[in-house]
Amino acid sequence: MVSRFALRIDPVASDDRRDSFADTFRPIDPHAPALPVGELSAQRGDGIFESLGVVDGHPQEVGPHLERLAHSAGLCDLPAPNIPQWREAIARVVQKAGTGESVVKLIYSRGVEGGDAATAWITLADAPDNARARTEGVRISTLDRGYALDVPARAPWLLLGAKTLSYATNMAAIREAKRRGADDAVFVSSDGYVLEAPTASVVLRLGDRFVTPAPSAGILHGTTQLSLFAYLEERGFDTAYDMIAVSDLGGADAAWLLSSVRLAAPISAVDGWPIPVDRALSDELNAYLLTPRE
Ligand code: PLP
């Protein structure tokens with residue numbers, strides 16, 4: 001994804017309530033070097049991020065993404081982000097978005113080694129073409145994440161549940177899934193429960209009930225899953241957070257990977273075994289996810 005527009009943000013205190021944050025933003029050339037070599041985001045992946053979908057210039061789910069940014073900042077002991085400042089930055093970059101789908105990325109880093117200020121920037125890029133994943137689906141390989149469901153509570157310093165910049169293991173999992181002949185991975189706990197995909201939440205349909213693993217399992221609380229559950233509830237379906245055994249995945253009536261940019265990608269096979277793709281429902285869910293949402 002090549003960024004088309006970028007703004008540097010000078011983060012201000014979370015309780016700063018000025019009328020405009022315009023003088024804290026500076027356009028930067030997205031194709032030119034912009035970070036000092038001592039930047040901890042680059043050296044240690046020490047920072048957090050969010051990726052928002054943008055449809056015809058409208059940023060989707062801004063509130064839930066900023067809430068999760070603040071949650072991740074809390075888990076990582078970063079200064080609380082100023083939410084109105086980030087909102088204004090998002091509003092400013094999406095002015096440069098054309099029609100169709102784009103991606104806005106918010107990055108909030110611990111800053112330069114030895115310094116005392118966080119670093120922040122925001123980018124706008126064209127979204128990749130996800131039509132095929134949304135219609136034909138994705139084959140997934142289940143991969144052991146190597147720890148049990150109680151680890152997030154026992155070892156909070158692992159930052160499970162924070163959207164940190166340290167995605168090297170997530171990317172390694174996708175490469176391993178591809179080596180196994182799949183398109184994407186689904187992490188499972190060492191005690192046999194479904195967790196999440198490296199860049200998406202997992203939702204299963206079991207009859208008229210839709211279930212997803214609880215965020216207490218050390219996974220991200222997906223903004224797309226949250227929004228989709230609200231839609232499904234309006235449609236009269238039951239939704240629930242639950243412990244999902246790996247065997248439930250292969251036996252589901254349908255299942256999806258959900259994320260802000262790819263949206264709802266039906267799962268078409270689990271470890272080489274086909275599972276049903278509900279094309280009509282997937283189309284309906286993606287149509288909903290492409291409507292402007294706050
Ligand atoms: N889980 C992980 C690990 C992710 O990286 C993502 C999105 O990037 C998600 C879940 C889905 O979150 P959202 O729906 O907010 O994009």
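What counts, and where the lines are drawn
- Residues numbered from 1 in each chain as written.
- Predicted model: local features only at pLDDT ≥ 70, side-chain atom pairs only at ≥ 80, totals over all residues.
- Heavy atoms only, no water.
- Phe/Tyr/Trp six-rings, centres within 6.5 Å; stacked < 30°, edge-to-face > 60°.
- Helix = DSSP H or I, 4+ residues; strand = E, 2+ residues; numbered from the N terminus.
- Buried < 20%, exposed > 50% of the residue type's maximum accessible area, 1.4 Å probe, protein only.
- Near = heavy atom within 4 Å.
- Polar contact = N/O pair within 3.5 Å; in protein donor to acceptor, adjacent residues only side chain to side chain.
- Areas by Shrake-Rupley, 256 points an atom, 1.4 Å probe, with all protein chains shown as cover.
- Nonpolar A, V, L, I, M, F, W, Y, C, P; charged D, E, K, R; others polar.
- Pairing = 2+ DSSP bridges.
- Contact = heavy atoms within 4.5 Å.
- Axes fitted to C-alpha atoms, helices over the stretch in contact; angles between N-to-C directions.
- Expected span 1.5 Å × (residues − 1).
- Arc of directions from axis to C-beta.

## Topic: the packing of aromatic side chains
A complete count under the given rule lists six aromatic pairs for this structure. Aromatic side chains Y231 and Y288 sit 4.3 Å apart centroid to centroid with 15° between the ring planes, which places their arrangement in the stacked category. Of the two residues, Y231 sits in helix α7 (residues 223-234) while Y288 sits in helix α9 (residues 279-289), which places them 57 residues apart along the sequence. Look at Y231 and you get buried, because its relative accessible area is 15%. In this structure an aromatic cluster arises from ring pairing among F210, F237 and W256.

## Observations regarding the site of the ligand
Taken together, 17 residues lie near the ligand, and K163, Y167, T223, T224 and S260 sit nearest. Here an oxygen atom of the ligand sits 2.7 Å away from a polar atom, N or O, in the side chain of K163. Contact with the protein chains covers 94% of the free accessible surface of the ligand, which is 390 Å². Among the elements of the structure, α2 (62-75), α7 and β12 (254-259) are those that each provide at least two residues to the shell around the ligand. Taken together, the residues that form the shell around the ligand break down as six nonpolar, eight polar and three charged.

## Overview of the sheet that holds strand β4 (residues 58-59)
Strand-to-strand pairing in sheets goes through backbone hydrogen bonds, with the strands running parallel or antiparallel. The strand order across the open sheet formed by six strands is β2-β1-β6-β5-β3-β4, and the pairing between neighbours is antiparallel. Looking at strand neighbours, the two that pair on one side only are β2 (25-28) and β4, the edges of this open sheet. Inspection of the sheet shows strand β3 (residues 47-55) paired to strand β5 (residues 101-109) by nine bridges, in the antiparallel sense. Residue pairing for β5: E50 is matched across the bridge by L106. Sheet strands in contact with helix α3 (residues 83-94) are β1 (3-9), β2, β3, β4, β5 and β6 (119-126), and its direction is about 150° off that of β1.

## Remarks on helix α6 (residues 168-179)
If you check α6, its first and last C-alpha atoms are 17 Å apart, about what twelve residues at 1.5 Å a residue would give, namely 16 Å. The set of residues buried in α6 consists of N170, A173, I174 and A177. Each buried residue of α6 lies within a common arc of 100° when the element is viewed along its axis, so the set occupies one face. Summarising the geometry of α6, the exposed residues directed more than 90 degrees from the buried face are A168, T169, K178 and R179. After α6 finishes, the residue G181 shows a positive phi value of roughly 90°.

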